[in-house]
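Here are the chains, one letter per residue:
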Amino acid sequence: MAVPVTSTPIDLSAALVMDPATAGQWLAILPMGLCLATGALLMMIRHRITWHSKVTLAALALLVLVDVLLLSKVLADGPLTMMMGRWRPPFGIAITVDLTGALLALAAAIVAFAAALYAEVDIDNSGRRYGFYPLLMVLMAGVSGAFLTGDIFNLYVWFEVLLISSFGLLILGSEREQIDGALKYAVLNLIATTLFLIAVGYLYAIFGTLNMADIALKAPELSGSAPLMTLSALFILAFSMKAAAFPVNFWLPASYHTPRVVVSALFAGLLTKVGVYALLRVMVMLLPIEREALSLVIAIVAALTMILGAMGALAQTDIRRFMGYVVIAGIGNMMAGIAIGGDMAVGAAIFYALHSILLMTALYLVMGEAARIGGSFSLSKLAGLWTAAPVFAALSLALFFAASGLPPFSGFWPKALLVKASLDIGAWWLAGAVLLSGFLTTIGFGRLFLLAYWRPGLIEAPARTQDIGSPAFVPPPPTPRPSLWRTAPILLLSVFVVWFGLFPDPLIVVSQQAAAGLSDPVAYILSVFPEKAAP
């Protein structure tokens, strides 16, 4: 018996987005698509390693341009959303770009381009054959995806993408020290990722959705309840471990000094900031009541992170380990902004994150150049860098001032805003922690400059003994000067550090706007659910 065929059309509009995607919506997914496509292309031409750097530099320059266009679009029109597979939210995966994500994605693209420039001379043919450039592009896909996604499980996925690529970059060269550092990095980050995944499962059990805009709509109904407090504590622990906050920060100084300098620079600039961004997104936008309830805990963690990080830096003799603790101290400043809350403090945290992405990458490249010129990473052996390379030394000093939070450089303004925000709520002890951390960091960089740059080296006074024939006398090796190719990426990043220090108003304003978008996510929600707009 034949079954009659119905001619009634199926209404797909209830499940699918029927309107074609606009050019702006396609722009939202282009950063991830560009990075993944470039990584795949580099794997296809893996035997032509001389092409890798050229292809990567071109792709990263294009990524910077795409992120500039994306930021301009968000500034002009507000948050924009692209639904994957055309599925309507909250069932489809949303790529939602707001001001915070667009700013951080652009800063990440700039430092990746600078790192690729430096890699021209820092990564040898062996490192290229190991896959440095494809891994760099996959890392940037993970970082860009984490900053631009509007789905919290998708955030976990992008965390995994950047984590896998970072493992490959850490062991580039397969030296014993690198394997040891990579093991510590992998184990502790996998623990953090597992905690994140458990929290995501718990989140879905509570809300029945993983779309961030949908969670922001539903969270006020359950705010202050025991499940959300437990969930918030899990997220804070997981993301604090990713961000290297006290007391789960011991993995960073144990691993960041082991890879190639350009890899350490990328990690210091990008990976910990992804953890800070996740804290901003989840605790400020999605769970603001729980953030307020846990603000004292977050503030104490922030104060301990910034002070103990600065004290740890003072105790180091290896300049790479020194920089690892400086990175940790900076994480404490950003967490202080999250703890205080409000547009001023959260805006200061966003400003500091942008400043730190640029500055920490530049400082690790400076450390690499200092070691190359002086022949060692040890402060007991480095000396005379001012005489050997005065222009490089002056550039280094400017970056040291910025990291210490001294005017007129970019590090001064977010710290000043954090101190003011702390005093405004009566948290004088937190303001004191910010100032004390900056003071200790200044001492640390002053010690580094006096020993490595200002102290006379053998190149200035080779004859410590008149007995030239004595076997104890070793003539000083020739000191190579930094080439333009090596200095260019440091100079590029330094321009931003100085510019934002001298003319901070535009970045302060846009950071405050980004903070307001997190605190009051109405525009974010309407970009995902436009039908909820009032008629």
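Below, the structure is looked at part by part. Fair warning: this is a prediction, and the values are worked out from it, not measured in the lab.

1. Examining the overall build of the protein
Helix and strand content of the protein: 22 helices and two strands. Buried residues in the protein amount to 57% of all 535 residues. Restricting to contacts in the protein with at least 6 residues of sequence separation, those with at least 24 account for 80%. Entry remark: accessible area of the protein is about 21,400 Å², with carbon and sulfur atoms responsible for 70%.

2. A few points about a nonpolar patch on the surface
A cluster of nonpolar side chains, contributed by Leu 296, Ile 300, Leu 304, Leu 308, Met 311, Leu 423, Trp 428 and Trp 429, occupies part of the molecular surface with about 800 Å² of accessible area. Residue contributions to the nonpolar patch peak at five residues, all from helix α13 (residues 295-314). Taking relative accessible area as the criterion, Trp 428 reaches 64% and is therefore assigned exposed.

3. Re the pairing of strand β1 (residues 80-83)
Each regular strand displays side chains that alternate between the two surfaces of the sheet. Covered by surrounding structure in β1 are Leu 80 and Met 82 together with Thr 81 and Met 83, the residues of both alternating faces. Pairing geometry for β1 and strand β2 (residues 94-97), over four bridges, is antiparallel. Paired with Leu 80 across the two strands is Val 97, which belongs to β2.

4. Some remarks on helix α21 (residues 505-519)
End to end, α21 covers 21 Å across 15 residues, agreeing with the expected 21 Å (1.5 Å per residue, within 8%). Residues Leu 507, Ile 508, Val 510, Ser 511, Ala 514, Ala 515 and Leu 518 constitute the buried set of α21.

5. Section: the packing of helix α15 (residues 342-374) against helix α17 (residues 390-404)
Taken N-terminus to C-terminus, the directions of α15 and α17 make an angle of 140°; their axes are 10 Å apart at the nearest point. Of the two elements, α15 crosses α17, and the hand of that crossing is left-handed. Contacts from His 355, Leu 359, Ala 362, Leu 363, Val 366, Met 367, Glu 369, Ala 370 and Ile 373 in α15 reach Phe 392, Ser 396, Leu 399, Phe 400, Ala 402 and Ala 403 in α17. Considering only residue class, the contact of α15 with α17 consists of twelve nonpolar, two polar and one charged.

6. A short note on the side chain of Thr 361
Within the secondary structure, Thr 361 sits in helix α15. We classify Thr 361 as buried; its relative accessible area is 0%. What Thr 361 contacts, discounting residues up to four positions off in sequence, is Val 111, Ala 265, Gly 269, Ser 356 and Leu 493.

7. Remarks on unusual backbone geometry
Geometrically, the link from Phe 246 to Pro 247 is a cis peptide bond, its omega value of 0° lying close to zero. Checked against the element boundaries, Pro 247 lands in the loop between α9 (226-243) and α10 (251-255). Here Pro 407 and Pro 408 are connected by a cis peptide whose omega angle stands at 5°. Looking at where Pro 408 falls in the secondary structure, it is placed in the loop between α17 and α18 (412-424). Backbone geometry places Ala 244, a non-glycine residue, at a positive phi of 70°. Residue placement: Ala 244 occurs in the loop between α9 and α10. Here Ala 244 falls in the buried class, since its relative accessible area comes to 0%.

8. Looking at the environment of Met 285
Secondary-structure assignment places Met 285 in helix α11 (residues 261-286). For Met 285, a relative accessible area of 3% translates into the label buried. Residues Met 285 and Pro 521, 236 residues apart in the sequence, show an inter-C-alpha distance of 6.7 Å. In this structure, Met 285 is in contact with Met 212, Ala 216, Leu 280, Leu 518, Pro 521 and Tyr 524, ignoring residues within four places of it in sequence.

9. With respect to helix α1 (residues 23-44)
For α1, with 22 residues, the first-to-last C-alpha span of 29 Å sits near the 32 Å given by 1.5 Å per residue. A maximum bend of about 45° is found in α1 at Ile 29, where proline Pro 31 lies one to four positions downstream. Within α1, burial applies to Gly 24, Leu 27, Ala 28, Pro 31, Met 32, Leu 34, Cys 35, Thr 38, Gly 39 and Leu 42. The secondary structure elements touched by the buried residues of α1 are α2 (49-77), β1, β2, α5 (132-148) and α6 (152-170).

10. Let's talk about the packing of aromatic side chains
Throughout the structure, instances matching the rule amount to 21 aromatic pairs. Between the aromatic rings of Tyr 156 and Phe 196, the centroid separation amounts to 5.8 Å while the plane-to-plane angle is 75°, which identifies the pairing as edge-to-face. You can see Tyr 156 sitting in helix α6 and its partner Phe 196 sitting in helix α7 (residues 176-207), a full 40 residues away along the chain. Seen from their ring centres, Trp 386 and Trp 454 are 5.5 Å apart, and the 65° between their planes marks the pair as edge-to-face. Here Trp 386, found in helix α16 (residues 385-388), pairs with Trp 454, found in helix α19 (residues 428-454); they are 68 residues apart in sequence, far enough to count as distant. The exposure class assigned to Trp 454 is exposed, which follows from its relative accessible area of 52%. Cluster of aromatic residues (ring-pair linked, three or more members): Phe 322, Trp 386, Phe 392, Phe 400, Phe 445, Phe 449, Tyr 453 and Trp 454. One Lys or Arg, Arg 48, reaches over the ring of Trp 51 and ends 5.1 Å from the middle of that ring. Above the ring of Phe 377, the side-chain terminus of Arg 320 is found at 4.0 Å from the ring centroid.

Basis of the calculations
Residues numbered from 1 in each chain as written. Predicted model: local features only at pLDDT ≥ 70, side-chain atom pairs only at ≥ 80, totals over all residues. Heavy atoms only, no water. Helix = DSSP H or I, 4+ residues; strand = E, 2+ residues; numbered from the N terminus. Buried < 20%, exposed > 50% of the residue type's maximum accessible area, 1.4 Å probe, protein only. Contact = heavy atoms within 4.5 Å. Areas by Shrake-Rupley, 256 points an atom, 1.4 Å probe, with all protein chains shown as cover. Patch = residues over 30% accessible without salt bridge, like charges linked within 9 Å, V, L, I, M, F, W, Y side chains within 5 Å. Salt bridge = Lys/Arg side-chain N within 4 Å of Asp/Glu carboxyl O. Pairing = 2+ DSSP bridges. Expected span 1.5 Å × (residues − 1). Axes fitted to C-alpha atoms, helices over the stretch in contact; angles between N-to-C directions. Left-handed = near helix turned anticlockwise from the far one by under 90°. Nonpolar A, V, L, I, M, F, W, Y, C, P; charged D, E, K, R; others polar. Bend = angle between axes of the 7 residues up to and from the residue. Phe/Tyr/Trp six-rings, centres within 6.5 Å; stacked < 30°, edge-to-face > 60°. Lys NZ or Arg CZ within 6 Å of the ring centre and 35° of its normal.

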